[in-house]
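Secondary and tertiary structure notes
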Amino acid sequence: MYGEILVGTFTIAGAVLGLAGMWVALLRNPARFWLLAGMYVVHVVFFTQLFVLDLDVFFIASNLLFALFIGFALDGLRTAARRRVGRLRPGAALACLLLLYAPLVPIAVAGLRLADRSGD
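The structure presented is a predicted model; accordingly, all values stated were derived computationally and were not measured.

In the Ramachandran plot, T11 falls in the positive-phi region, its phi being about 70° despite a non-glycine side chain. Relative to the helices and strands, T11 is located in helix α1 (residues 2-28).

Right under this line is the structure:
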């Protein structure tokens, strides 16, 4: 059930990026990772036990934490690209940046569709 909510909010690309971001956070700063991962797991485990109809709103805090892990993954990709390529001309750097952050567009669109309450 939670997997459907996670993929519905962040798309499959976002879910993969979030899991990769957990790994990046663990490698960079284990104390920060365990703090964020602990909060994330507690939220998910606790709120998956509720039996209510609109369960997705209870996962706002865990979605925020998962979004942080997506940010860790994107920063890890940016850092790896910078090490591999070195300095780029401004136009090439902008193109790489847009390519790197392109997976965020479907995540944002899916999140906006899910959060749209204009018809309520």
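Still more ground to cover, so stick around.
This part takes up the side chain of T9. Examined against the element boundaries, T9 turns out to sit in helix α1. One polar contact links the side chain of T9 to the main-chain carbonyl oxygen of I5, over a distance of 2.8 Å. Not counting residues up to four positions away in its chain, the partners in contact with T9 are N63, I107, A110, G111 and L114.

Another point: the confidence of the model for the protein. On average, the protein scores 85 in pLDDT, and the residues at 70 or more come to 98%. Of all secondary-structure elements in the protein, the lowest mean pLDDT belongs to helix α4 (residues 90-101), at 76, while helix α2 (residues 30-47) reaches the highest, 92.

Here Y2 is to be found in helix α1. Given a relative accessible area of 12%, Y2 falls into the buried group. A polar atom in the side chain of Y2 sits 2.8 Å from the side chain of Y40.

What the rule picks out here adds up to 11 aromatic pairs. Seen in terms of ring centroids, Y2 and Y40 are 6.3 Å apart; in terms of plane orientation they differ by 65°. Their pairing is edge-to-face. Placement of Y2 in helix α1 and of Y40 in helix α2 is noted, with a sequence separation of 38 residues between them. Comparing Y2 with Y40, the two get one shared label, buried. Here the aromatic rings of F33 and W34 are separated by 4.8 Å at their centres, their planes lie at 70°, and the arrangement is edge-to-face. Note on F33: relative accessible area 8%, which makes it buried. With a relative accessible area of 57%, W34 lands in the exposed category. An aromatic cluster is defined as three or more aromatic residues linked by ring pairs; in this entry it consists of Y2, F10, F33, W34, Y40, F46, F47, F58, F59, F66, F69 and F72.

With that settled, the discussion passes to the nonpolar core. L6, Y40, F66 and F69 are the most contacted members of the largest nonpolar core, which has 25 residues in total. Of all the elements in the fold, those that place two or more residues in this core are α1, α2 and α3 (60-85). Broken down by element, this core gets its largest block of residues, 9 residues, from α1. Setting aside its immediate chain neighbours within four residues, Y40 contacts Y2, L6, M22, S62, L65 and F66.

Our next topic: the layout of surface pockets. Approximately 250 Å³ is the volume found for the second largest pocket. Lining the second largest pocket we find 13 residues, and of these D56, I60, N63, L114 and A115 sit closest to its centre. Among the secondary structure elements, those contributing two or more residues to the lining of the second largest pocket are α1, α3 and α5 (104-115). Counting residues per element, the lining of the second largest pocket draws most heavily on α3, at 4 residues. For the lining of the second largest pocket, the residue count by class is 8 nonpolar, 3 polar and 2 charged.

Reading the values: the criteria
Residues numbered from 1 in each chain as written. Predicted model: local features only at pLDDT ≥ 70, side-chain atom pairs only at ≥ 80, totals over all residues. Heavy atoms only, no water. Helix = DSSP H or I, 4+ residues; strand = E, 2+ residues; numbered from the N terminus. Polar contact = N/O pair within 3.5 Å; in protein donor to acceptor, adjacent residues only side chain to side chain. Contact = heavy atoms within 4.5 Å. pLDDT = per-residue confidence, 0-100. Buried < 20%, exposed > 50% of the residue type's maximum accessible area, 1.4 Å probe, protein only. Phe/Tyr/Trp six-rings, centres within 6.5 Å; stacked < 30°, edge-to-face > 60°. Core = buried A, V, L, I, M, F, W, Y, C linked by side-chain atoms within 4.5 Å. 1 Å grid on protein atoms, 1.4 Å probe; cavity = no way out; pocket = protein on both sides within 12 Å on 5 of 7 lines; lining within 4 Å. Points joined across faces, edges and corners; volume = space filled by probe spheres on them. Nonpolar A, V, L, I, M, F, W, Y, C, P; charged D, E, K, R; others polar.

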